[in-house]
Amino acid sequence: MEKEFVIVLDFGGQYNQLIARRVRECNVYCEVHPNTLSLEEIKKMNPKGIIFTGGPNSAYLPESPTISAEIFELGIPILGICYGSQLMAHLLGGTVSTAPTSEYGKTEVTTNQDSVLFQDVSHTTVCWMSHTDYIAKAPEGFTVSATTPVCPVAAMENPERRLYATQFHPEVMHTAEGMKMLSNFVYKVCQCKGDWQMSSFVEDTIKAMREKIGDGKVLCALSGGVDSSVAAVLLSKAVGKQLTCVFVDHGLLRKNEGDEVEAVFGPEGPYDLNFIRVNAAQRFYDKLAGVTEPEEKRKIIGEEFIRVFEEEAKKIGAVDYLVQGTIYPDVIESGLGKSAVIKSHHNVGGLPDYVDFREIVEPLRLLFKDEVRNAGRELGIPEYLVSRQPFPGPGLGIRIIGEVTAEKVRIVQDADAIYREEIANAGVDKGLGQYFAAITNMRSVGVMGDERTYDYAIALRAVCTSDFMTAEAAQIPWEVLSKVTSRIVNEVKGVNRVLYDCTGKPPATIEFE
């Protein structure tokens, strides 16, 4: 039986993958496709519903991304979000223009609870707005189902044609009841049953990998993080000893982490894997010498990873496939498709032009972080590994502002170890998505032991997030931050100041670079 699914058509916004994530949270499979997908292709795919995403353009300008108005005649339910709602209005004869008052951020929206989209949603609810254009007049046949004091069409609908639109973003966590709205669309409008389960994903992926690889040899780029660990175990179950896991210690790991990874995946660990550890710290330091620009650092680290893997593959002999733990947020933030480049992830946008493998295999490419964790649980990976906080492939290279040096690595490793230890001791780590210390490129005057110092400032970061596409700065108790600060300035040579980052995502990213 074919799985039911919903298509997200990408018009260039930053939350496109998050929409898919939220739909999957409803146990309905969801795929993201470019807005250039033809109507014939859509018909062949036979989706249960379609969602138009947001985007930075104006729907009424001829150069803006669009789609044939015939899509509204296919009889498939459609939900337009932000730019997607404006595009729907524009294509169907409504009026879209520059708003007299732009809206950005949390906004009180008044809903019509007779609308199927707002069933079980509060009459007045908080939603996330981000627009400078607005729907001044809804198309003929549509009724307005939500408003704000300055937005006359915060939502509109034509139930007979199963067309719905919201000016706000129901997919972001800032929209208090957004999941109810998306669930209403998926279940009550699209009539989905909810057959997307992680157990079936794992089973199907193991089968697909086994068929794809056949008797070929596979090299897995193992960092010891959640994503690459799940990818390694998944491939191990698919092809067994045809898999070799190569762990590159690039000297940019957290304190003692190289030894910890080897203890888990090496010969003394619980997994029957071919495991190789490559100690390449000096090699990476040499490549990064004098480099300060974040994108350049990412690309250098990404290319050097590949070169090490190629060298190890030649030693193994006749390796056909390179396996990476790439996940959906890596892909979207690297700017593949229509969205803007936020930062090149070392295993996506940071790859060199030439890679000496027959093919790169990314079994987790369609999953979000929490889905990867669930896949790990399905595979029987211990909870302490599955639930560990993420660590970026470029490692401390993007937690060191400016040039990477051995001294800065030592400073940030020691500061980060103290921070993580005190967070765990205080018992506040359970609700955090990610927390770490970074070293800024700022040096400032201080006084220690009655003497003047001129040392670095450490920045502490902690965020609460479920999907890593949006995040809120965590409110760490002051007494914890005070203890961490005291320990860092007293125990870490070269630091005389500690800062705490209170910025959410957006506008910041979770990592510093």
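Parameters at a glance
- Residues numbered from 1 in each chain as written.
- Predicted model: local features only at pLDDT ≥ 70, side-chain atom pairs only at ≥ 80, totals over all residues.
- Heavy atoms only, no water.
- Salt bridge = Lys/Arg side-chain N within 4 Å of Asp/Glu carboxyl O.
- Helix = DSSP H or I, 4+ residues; strand = E, 2+ residues; numbered from the N terminus.
- Buried < 20%, exposed > 50% of the residue type's maximum accessible area, 1.4 Å probe, protein only.
- Phe/Tyr/Trp six-rings, centres within 6.5 Å; stacked < 30°, edge-to-face > 60°.
- Lys NZ or Arg CZ within 6 Å of the ring centre and 35° of its normal.
- Axes fitted to C-alpha atoms, helices over the stretch in contact; angles between N-to-C directions.
- Parallel < 35°, antiparallel > 145°, perpendicular 65-115°, else oblique.
- Left-handed = near helix turned anticlockwise from the far one by under 90°.
- Contact = heavy atoms within 4.5 Å.
- Nonpolar A, V, L, I, M, F, W, Y, C, P; charged D, E, K, R; others polar.
- Pairing = 2+ DSSP bridges.
- Expected span 1.5 Å × (residues − 1).

Draft legend 1. Seen up close, the pattern of salt bridges. Per the counting criterion, the structure on display carries 31 salt bridges. With a closest N to O distance of 2.8 Å, Arg161 and Glu73 form a salt bridge. In this pair, Arg161 is assigned in the loop between strand E8 (155–158) and strand E9 (163–166) and Glu73 in the loop between strand E3 (49–52) and strand E4 (78–81), connecting sequence segments 88 residues apart. Judged by relative accessible area, which is 31%, Arg161 ranks as partly exposed. For Glu304, the salt bridge identified is with Arg283, shortest N-O distance 2.5 Å. Of the two residues, Glu304 is situated in helix H9 (residues 294–316) and Arg283 in helix H8 (residues 281–288); the sequence distance between them amounts to 21 residues. With a relative accessible area of 28%, Arg283 lands in the partly exposed category. Each of the salt bridges in this network shares a partner with another, and the network as a whole consists of Glu421, Glu422, Lys483, Arg487 and Glu491.

Draft legend 2. The packing of aromatic side chains, seen in detail. Scanning the model with the defined rule gives 11 aromatic pairs in all. Both rings, one in Phe305 and one in Phe309, keep their centres 5.9 Å apart while their planes meet at 15°; by these two values the pair is stacked. You can see Phe305 and its partner Phe309 sitting in helix H9, four residues apart, about one turn around the helix. Across this residue pair, the class does not change: Phe305 and Phe309 are buried. The rings of Phe11, Phe52, Phe72 and Tyr83 are connected pair by pair, giving a single aromatic cluster. One cation-aromatic arrangement involves Arg399 over Phe436; the distance from NZ or CZ to the ring centre is 3.9 Å. Residue placement shows Arg443 over the ring face of Tyr456; its charged tip is 4.9 Å from the ring centre.

Draft legend 3. Examining the packing of helix H5 (residues 198–213) against helix H6 (residues 226–239) more closely. Where H5 meets H6, the closest approach of the two axes is 8 Å, and the angle between their N-to-C directions is 60°. Comparing their axes, H6 and H5 come out oblique. Remark: the crossing between H5 and H6 carries right-handed chirality. Between H5 and H6, the residues in contact are Val202, Thr205, Ile206, Met209, Arg210 and Ile213 and Leu234, Leu235, Lys237, Ala238 and Val239, respectively. A class-by-class count of the residues in the contact of H5 with H6 yields eight nonpolar, one polar and two charged.

Draft legend 4. Here's a closer look at the sheet that holds strand E13 (residues 319–323). Strand order in the open sheet made by the five strands is E12-E11-E10-E13-E14, with parallel pairing throughout. Edge positions in the sheet fall to strand E12 (274–279) and strand E14 (359–361), since each of these pairs with one other strand and no more. Pairs of neighbouring strands in the sheet enclose a mean axial angle of 30°, with direction left out of account. The pairing of strand E11 (residues 243–249) with E12 spans six bridges and is parallel. Its bridge partner being in E12, Val248 is matched across the sheet by Val278. Along the sheet face, H5 touches strand E10 (217–221), E13 and E14 and points at about 165° away from the line of E14.

Draft legend 5. Region of the structure containing the environment of Val492. Within the secondary structure, Val492 sits in the loop between helix H14 (478–491) and strand E18 (495–500). Between the C-alpha atom of Val492 and that of Gln413, which follows or precedes it by 79 residues, the distance is 9.5 Å. With residues up to four places along the chain from it excluded, the contact list for Val492 reads Arg410, Ile411, Asp414, Ala415, Ile418 and Arg487.

Draft legend 6. Molecular detail of the sheet that holds E9. A sheet is described by the order of its strands in space; here nine strands give the open sequence E2-E1-E3-E4-E9-E8-E7-E5-E6, paired in mixed fashion. With one partner strand each, in any of the chains shown, strand E2 (29–34) and strand E6 (124–137) form the two edges of the open sheet. Going across the sheet, the axis of each strand differs from the next one's by a mean of 20°, ignoring polarity. In this structure, strand E1 (residues 5–10) lies alongside E2, joined through six bridges in parallel fashion. Residue Val8 lies in a different strand from E2, and its bridge partner there is Val32. Against the sheet, helix H3 (residues 83–91) makes contact with E3, E4, strand E5 (95–111), E6, E8 and E9, and its axis sits at roughly 115° relative to E4, the strand it touches most. Across the face of the sheet, helix H4 (residues 178–189) comes into contact with E3, E4, E6 and E9 while running at roughly 165° to E4.

Draft legend 7. Quick look at unusual backbone geometry. Omega for the bond connecting Lys505 with Pro506 falls within 30 degrees of zero, at -10°, which places this linkage in the cis form. Here Pro506 shows up in the segment after E18. Cis geometry marks the peptide bond from Pro506 to Pro507; its omega dihedral reads 10°. Among the structural elements, Pro507 can be located in the segment after E18. Of note in this structure, Asn46 is not a glycine but carries a positive phi near 55°. For Asn46, the position within the fold is in the loop between helix H2 (39–45) and E3.

Draft legend 8. Molecular detail of helix H13 (residues 406–425). Taking 1.5 Å of rise per residue, 20 residues should cover 28 Å, and H13 covers 29 Å from first to last C-alpha, within 8% of that figure. Of all the residues in H13, the buried ones are Lys408, Val409, Ile411, Val412, Gln413, Asp414, Ala415, Asp416, Ile418, Tyr419, Glu422 and Ile423. Looking at the buried side of H13, the elements it contacts are H8, strand E15 (434–448), strand E16 (451–464), H14 and E18. Downstream of H13 by one or two residues, Gly427 has phi in the positive range, about 75°.

Draft legend 9. View of the packing of H13 against H14. Viewed as axis vectors pointing N to C, H13 and H14 meet at an angle of 150°, and their least axial separation amounts to 10 Å. In terms of axis orientation, H13 runs roughly antiparallel to H14. The interaxial crossing formed by H13 with H14 has right-handed handedness. Facing H13, whose interface residues are Ala415, Ile418, Tyr419, Glu421, Glu422 and Ile423, H14 presents Val480, Lys483, Val484, Arg487, Ile488 and Glu491. A breakdown of the residues in the contact of H13 with H14 according to their chemical character gives seven nonpolar, no polar and five charged.

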